[in-house]
Amino acid sequence: MINYQQILADKLDQLKEKGTYRYFLDVNKSAQHFPHFYFEDATGVKRKAVNWCSNDYLAMSVHEEVISRLSFVTHRSGTGSGGTRNISGTTNFHRSLENILAQLHGKEKALVFGSAYLANLTALATLGKLMPNAVFISDQNNHASIIEGIKASGNEKKLFPHNDLHALEQILESLPLDQPKILVFESVYSMSGTIAPIEEMVLLAKKYQALTYLDEVHAVGLYGDTGGGLSEALGLQNGIDIINGTLAKGFGVLGGYISGSAILVDAIRSFGSGFIFTTSLPPAICAAATKSIEILMQSKKN
């Protein structure tokens, strides 16, 4: 008889032996005292500490106006959206959020997802399936969501060493000029703190006729005149075909998105199963995210 529980237990034991098993600390987050938080230690004693690992970079999750907007729309529209975007889950709050995200990145359209991970996974997998002969060219330090999205596409993938422009050009040069190519990279790499040579990568992509897909998750809200990320700060938004971002870090709420041309966004909206078959974000979350973006856009201008 197969012992399925034991198979899984053995895998967990292997994680523990390697020291990579994850233990959670139950945090009592305080909007009034952020970034301080409260927790109970192993002996049950209540303690206070400072959260130095939060991705709520600008403390927008505890901003009074953002909280008020979330509360107001929750009372008006309820706690959930009530469906996928294709059935009953598209509201005026979703549309307003996508409009301001498109504006933020200087693009024609934007599309909101439940998370930036899901946005990357769906967008990359869908692009690959719509262009089955396309080759993905990916920085070897790219996020897990990018890796999984490319893997799910089934397309050919070529990795280049982190931020290595010479190796990148060698790959681009080796491919037929008329073969679809998608260059995928991040602006800020969270684990190393390194920054991509975005301008040089854009120039190489244009030279070899490759689409550019930029993950700005760790930069949106922080960089640029309106918080559009490093591509905005460097004046390179027009050179990027698709920009991925999150609402859960610099903007302090929840969700992810892509932005790009109307055709690119519509193609992912129309063919991406990770978008089509997922219940949409609650209207109140969209409204709170919109308010957070508005505040940061204005504060940057000031």
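Above: the structure in question.
Residues numbered from 1 in each chain as written. Predicted model: local features only at pLDDT ≥ 70, side-chain atom pairs only at ≥ 80, totals over all residues. Heavy atoms only, no water.

This part takes up empty space enclosed by the protein. Evaluated as defined, the whole model comprises 1 cavity of 30 Å³ or more. Estimates place the volume of the largest cavity at around 90 Å³. Around the largest cavity, the lining residues are Arg85, Val112, Phe113, Gly114, Leu118, Gly274, Phe275, Thr278, Thr279, Ser280 and Leu281. Split into classes, the residues belonging to the lining of the largest cavity amount to 5 nonpolar, 5 polar and 1 charged. (1 Å grid on protein atoms, 1.4 Å probe; cavity = no way out; pocket = protein on both sides within 12 Å on 5 of 7 lines; lining within 4 Å. Points joined across faces, edges and corners; volume = space filled by probe spheres on them. Nonpolar A, V, L, I, M, F, W, Y, C, P; charged D, E, K, R; others polar.)

Turning to the sheet that holds strand β4 (residues 109–113), a few remarks are in order. Taken in spatial order, the 7 strands make up an open sheet running β4-β10-β9-β8-β7-β5-β6, and their pairing is mixed. Each edge of the open sheet is held by one strand with a lone partner, namely β4 and β6 (156–160). For this sheet the average axis-to-axis angle between neighbouring strands, irrespective of direction, equals 20°. The pairing of strand β5 (residues 135–139) with strand β7 (residues 181–186) spans 4 bridges and is classified as parallel. Paired with Phe136 across the two strands is Ile182, which belongs to β7. Relative to β6, helix α6 (residues 165–174) is tilted by about 155°, and along the sheet it contacts β5, β6 and β7. Strand contacts of helix α7 (residues 198–207): β6, β7 and β8 (211–215), with the helix running at about 175° to β7, the strand carrying the most contacts. (Pairing = 2+ DSSP bridges. Helix = DSSP H or I, 4+ residues; strand = E, 2+ residues; numbered from the N terminus. Axes fitted to C-alpha atoms, helices over the stretch in contact; angles between N-to-C directions. Contact = heavy atoms within 4.5 Å.)

A few words now on the pairing of β6. Relative to β6, β5 runs parallel, the two being bridged by 5 bridges. Counterpart to Val135 in the pairing with β6 is Glu156. Handedness of the crossover joining β5 and β6 through helix α5 (residues 144–153) is recorded here as right-handed. (Right-handed = clockwise from strand over helix to strand, strands pointing away.)

Before going further, it helps to examine the sheet that holds strand β2 (residues 36–40). Taken in spatial order, the 3 strands make up an open sheet running β1-β2-β3, and their pairing is antiparallel. Single-partner strands in this sheet number two, and they are β1 (28–29) and β3 (46–50). Judged from the 5 bridges that link them, β2 and β3 form a sheet pairing that is antiparallel. What sits directly across from Phe39, in β3, is Arg47.

Let us now look at the packing of helix α4 (residues 116–130) against helix α9 (residues 262–271). Their axes nearest at 10 Å, the elements α4 and α9 cross at an angle of 95°. One way to sum up the angle between α4 and α9 is to call them roughly perpendicular. Where α4 abuts α9, its residues Ala123, Thr126, Leu127 and Leu130 lie against Leu264, Ala267, Ile268 and Phe271. A class-by-class count of the residues in the contact of α4 with α9 yields 7 nonpolar, 1 polar and no charged. (Parallel < 35°, antiparallel > 145°, perpendicular 65-115°, else oblique.)

A separate point is the layout of surface pockets. Approximately 280 Å³ is the volume attributed to the largest pocket. For the largest pocket, the lining is made up of 16 residues, of which Arg95, Glu98, Lys109, Leu111 and Arg269 are closest to its centre. At the level of secondary structure, the elements contributing two or more residues to the lining of the largest pocket comprise α3 (92–105), β4 and α9.

Here we come to unusual backbone geometry. A cis amide bond links Phe34 to the next residue, Pro35, at an omega of 10°. Mapped onto the secondary structure, Pro35 falls in the loop between β1 and β2. Despite not being glycine, Asn163 shows a phi value in the positive range, around 60°. Counting through the fold element by element, Asn163 comes out in the loop between β6 and α6. Located in the positive-phi region is Gln209, a residue other than glycine, with phi close to 60°. Relative to the elements of secondary structure, Gln209 occurs in the loop between α7 and β8.

Let us now look at α7. Within the sequence span of α7, burial applies to Ile198, Met201, Val202, Leu204 and Ala205. Projected onto a plane normal to the axis of α7, the buried residues spread over an arc of 165° and lie on a single side. Of the exposed residues in α7, the ones pointing more than 90 degrees away from its buried face are Leu203 and Lys207. Tucked into the core, α7 has its buried residues touching β6, α6, β7, β8 and α8 (230–233). Two residues or fewer after α7 comes Gln209, characterised by a positive phi angle close to 60°. (Buried < 20%, exposed > 50% of the residue type's maximum accessible area, 1.4 Å probe, protein only. Arc of directions from axis to C-beta.)

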